[in-house]
Amino acid sequence: MEFTTLMDLYQNMVYNTALGIVQNEEDADDITQEVFEQVYISIGSFKGESKLSTWLYKITISKSLDHLKKKKRKKRFGVVQSLFGGSDVEKYSPVEFNHPGVQLEQKERAGELFAALNQLPDKQKIAFILHKVEGQSYQEVAEIMNKSLYAVEALMSRAKANLKTLLHNYYYKNLSDQ
Amino acid sequence: MNSKKNVDQLIEEAFNSINNIERANVKPFLLSRVNNRMLSERKNSWWENVAFYIGKPSFAIPGLALLMLINLTAVIFSATEPSASIVEKNIQASNDEFSYTIASIYENENTEP
């Protein structure tokens, strides 16, 4: 398969997965470029033991998590710099994320769900995104995450329970404030 | 009771909000952007490689140790070897002393005319 054909086929899949994880369109775009750059370099090492999409999902997840780690590190360094009087530090402000694929009337609720999703541990977040946003089956999620089917089921159930708690606290606080 | 019902309903709505989610589309010209990115990285690659190897602990630590060894050797040798001017001064002083001693002996032995 030619590289351009591969990109045409999988670019939206890669972008969408990265977007779900990092929840920022610019960052997701950067990650998509990084993923295809990596694919171009290491396509020779792909042995075909798994599906090409599984391999691409793995690279995308790894790049997205690296990106989040870097961002967290920068934020921490920014806090330390601001303690010592650094003036050029960009102040962190939580940005509300609106997924472009969500229907207009659902945007508010989806935004709240994505905000809660952001507070989950990485593995739960990834399992939830792959299953609910990307529409992958539990079996496919297990292959992508190198886990057993049982482990993915457990991750999903914990993710749902945690999301429920987070959303409950959020809505309860909002309703009592009104 | 009413608020609990509302909260439960909102949670359900939040979960259902992504049921028919569509895939977001990547910005256009991804291929050319990937190509540009790879080209710009290739331009910097030589210096980046050098910086990468210099920054590696396996290279940096022995390098620093070697530098410190050279400095230490230089300090030790400069402390033990007398400098040329000091040697010259010592020779001059011993010569002066010799002349003075010879002169005094001569004068002592030849006091009478």
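Quick note: structure is the one above.
Scope of this entry: the structure provided in the associated data block. (Residues numbered from 1 in each chain as written. Chains lettered and ligands numbered in written order. Predicted model: local features only at pLDDT ≥ 70, side-chain atom pairs only at ≥ 80, totals over all residues. Heavy atoms only, no water.)

**Digging into the overall build of chain A**
- Each helix and strand in chain A was counted, giving seven helices and zero strands.
- What you see in chain A, going N to C, is helices and strands ordered as α-α-α-α-α-α-α.
- The buried share of chain A, taken over its 178 residues, is 43%.
- Carbon and sulfur atoms make up 50% of the accessible area of chain A, which amounts to about 10300 Å² in all. (Helix = DSSP H or I, 4+ residues; strand = E, 2+ residues; numbered from the N terminus. Buried < 20%, exposed > 50% of the residue type's maximum accessible area, 1.4 Å probe, protein only. Areas by Shrake-Rupley, 256 points an atom, 1.4 Å probe, with all protein chains shown as cover.)

**Structural notes on the packing of helix α1 (residues 3-22) of chain A against helix α5 (residues 122-133) of chain A**
Residue and element names in this part refer to chain A.
- Where α1 meets α5, the closest approach of the two axes is 10 Å, and the angle between their N-to-C directions is 135°. The orientation of α1 with respect to α5, classified from their angle, is oblique. Regarding α1 and α5, the two cross each other, and that crossing is right-handed. Every residue of α5 that contacts α1 at Asn16, Thr17, Gly20 and Ile21 is listed here: Lys125, Ile126, Ile129, Leu130 and Val133.
- Each residue belonging to the contact of α1 with α5 can be placed in one class, and the counts come to five nonpolar, three polar and one charged. (Axes fitted to C-alpha atoms, helices over the stretch in contact; angles between N-to-C directions. Parallel < 35°, antiparallel > 145°, perpendicular 65-115°, else oblique. Left-handed = near helix turned anticlockwise from the far one by under 90°. Contact = heavy atoms within 4.5 Å. Nonpolar A, V, L, I, M, F, W, Y, C, P; charged D, E, K, R; others polar.)

**Section: the side chain of Glu134 of chain A**
- Residue position: Glu134 of chain A is located in the loop between α5 and α6 (138-144).
- Residue Glu134 of chain A is classed as buried on the basis of its relative accessible area of 8%.
- Not counting residues up to four positions away in its chain, the partners in contact with Glu134 of chain A are Met13, Asn16, Thr17, Tyr57 and Ile129 of chain A together with Arg23 of chain B.

**Some details on the interface of chain A and chain B**
- At the junction of the two partners, chain A supplies 41 residues and chain B supplies 25 residues.
- A buried area of about 3200 Å², summed over both sides, lies between chain A and chain B, and 67% of it is on carbon and sulfur atoms.
- For the pair chain A and chain B, the interface holds six salt bridges.
- Where Arg37 of chain B meets Glu37 of chain A, a salt bridge forms, and the shortest distance between an N and an O atom there is 2.9 Å.
- Remark: the boundary between chain A and chain B carries 12 residue pairs in polar contact (both at pLDDT 80 or more).
- Listed by contribution, the elements that provide at least two residues to the side of chain A that touches chain B are α1, α2 (25-42), α4 (107-117), α5 and α7 (149-177) of chain A.
- Within the side of chain A that touches chain B, the residues separate by chemical class into 20 nonpolar, 11 polar and 10 charged. (Buried area = accessible area lost by both parts, 1.4 Å probe. Salt bridge = Lys/Arg side-chain N within 4 Å of Asp/Glu carboxyl O. Polar contact = N/O pair within 3.5 Å; in protein donor to acceptor, adjacent residues only side chain to side chain.)

**Here's the deal with the environment of Arg37 of chain B**
- Structurally, Arg37 of chain B can be placed in helix α2 (residues 30-43).
- At a separation of 2.9 Å, a polar atom in the side chain of Arg37 of chain B contacts the side chain of Glu37 of chain A.

**Some details on the nonpolar core**
- Core analysis: the largest hydrophobic core is formed by 61 residues, its most contacted members being Phe36 and Phe128 of chain A.
- If you tally residues by element for this core, the top one is α1 of chain A, at 11 residues.
- Those residues within four positions of Phe36 of chain A in sequence are excluded, and the remaining contacts are Phe3, Leu6, Met7, Tyr10, Gln11 and Val14 of chain A together with Leu30 and Val34 of chain B. (Core = buried A, V, L, I, M, F, W, Y, C linked by side-chain atoms within 4.5 Å.)

**Observations concerning the packing of aromatic side chains**
Residues and elements named next belong to chain A.
- Scanning the entire structure with this criterion turns up six aromatic pairs over all chains.
- Residues Phe3 and Phe36 carry aromatic rings whose centres are separated by 6.5 Å and whose planes lie at 80° to one another, so their mutual orientation is edge-to-face. Of this pair, Phe3 sits in helix α1 while Phe36 sits in helix α2; the two residues are 33 residues apart in sequence, bridging distant segments of the chain.
- Look at Tyr170 and Tyr171: their rings are 5.4 Å apart centre to centre, the planes differ by 65°, and that puts the pair in the edge-to-face class.
- For Tyr170, a relative accessible area of 39% corresponds to the partly exposed category. (Phe/Tyr/Trp six-rings, centres within 6.5 Å; stacked < 30°, edge-to-face > 60°.)

**Side note on a nonpolar patch on the surface**
- Residues Leu66, Leu69 and Ile70 of chain B make up a contiguous nonpolar surface patch of about 310 Å² in total accessible area.
- Within the element layout of this structure, Leu69 of chain B appears in helix α4 (residues 57-80). (Patch = residues over 30% accessible without salt bridge, like charges linked within 9 Å, V, L, I, M, F, W, Y side chains within 5 Å.)

**Regarding α7 of chain A**
- Helix length check: α7 of chain A (29 residues) gives 42 Å between terminal C-alpha atoms against 42 Å at 1.5 Å per residue, within 8%.
- Listing the buried residues of α7 of chain A in full gives Val152, Leu155, Met156, Ala159, Leu163, Leu167 and Tyr171 of chain A. (Expected span 1.5 Å × (residues − 1).)

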